[in-house]
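Reading the structure
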Amino acid sequence: QVQLVESGGGLVQAGGSLRLSCAASGLTFSNYAMGWFRQAPGKERGFVATIRRSGGLTYYATSVKGRFTISRDNAKNTVYLQMNSLKPEDTAVYFCAGYRDLGYLITVPSDYDYWGQGTQVTVSS
């Protein structure tokens, strides 16, 4: 049974930082590319960042590029999202997700195989 468990969300002031973690189990983590998505109230789930299984290639949404960094530790079966210079518009539930890495990055939620339950990030102004 595959499980993805996010942690690290919380309340932070604008300009602050948070690091999200997503611990994976029940799959061969090093075979999977991983991504982060977010969903604000009343909005669709949107792409944030993704990373290839080796960690050698990443891709970001324009809105977070330069502020957020995705990384992974395959020895710990964990993917991270370091979020700096947070803005109120970053407020959302953040989800991690994974898909079997076939050689390219994916940004469409429906193409991901596994999802976590999400962690709330709230940025106050």
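1. Let's talk about the overall build of the protein chain
Along the protein chain, the regular secondary structure elements total 0 helices and 11 strands. Secondary structure elements of the protein chain occur, N-terminal to C-terminal, as β-β-β-β-β-β-β-β-β-β-β. The globule rule puts the C-alpha radius of gyration for 125 residues at 14 Å, and the 13 Å found for the protein chain is close to it. In terms of its C-alpha atoms, the protein chain occupies a principal-axis envelope of roughly 40 × 30 × 25 Å. When the 125 residues of the protein chain are sorted by exposure, 42% land in the buried category. A sequence separation of at least 24 residues applies to 60% of the contacts in the protein chain between residues at least 6 apart. Carbon and sulfur atoms make up 46% of the accessible area of the protein chain, which amounts to about 6,300 Å² in all. Each charge sign in the protein chain was given a centre, from 12 positive and 8 negative side chains, and these centres are 5 Å apart.

2. As for the sheet that holds strand β1 (residues 3-7)
Spatially, 4 strands are ordered β1-β3-β8-β7 in an open sheet, and the strand pairing comes out antiparallel. The strands lining the two open edges of the sheet, one partner per strand, are β1 and β7 (68-73). Strand-to-strand twist in this sheet, taken as the mean axis angle between neighbours without regard to direction, amounts to 15°. Looking at chain direction, β1 and strand β3 (residues 18-25) are connected through 5 bridges and run antiparallel. Bridging from a neighbouring strand, E6 pairs with C22 of β3.

What counts as what
Residues numbered from 1 in each chain as written. Predicted model: local features only at pLDDT ≥ 70, side-chain atom pairs only at ≥ 80, totals over all residues. Heavy atoms only, no water. Helix = DSSP H or I, 4+ residues; strand = E, 2+ residues; numbered from the N terminus. Rg over C-alpha atoms; globule rule 2.2 N^0.38 Å. Buried < 20%, exposed > 50% of the residue type's maximum accessible area, 1.4 Å probe, protein only. Contact = heavy atoms within 4.5 Å. Areas by Shrake-Rupley, 256 points an atom, 1.4 Å probe, with all protein chains shown as cover. Lys, Arg positive; Asp, Glu negative; His and termini not counted. Charge placed at Lys NZ, Arg CZ, Asp CG, Glu CD. Pairing = 2+ DSSP bridges. Axes fitted to C-alpha atoms, helices over the stretch in contact; angles between N-to-C directions.

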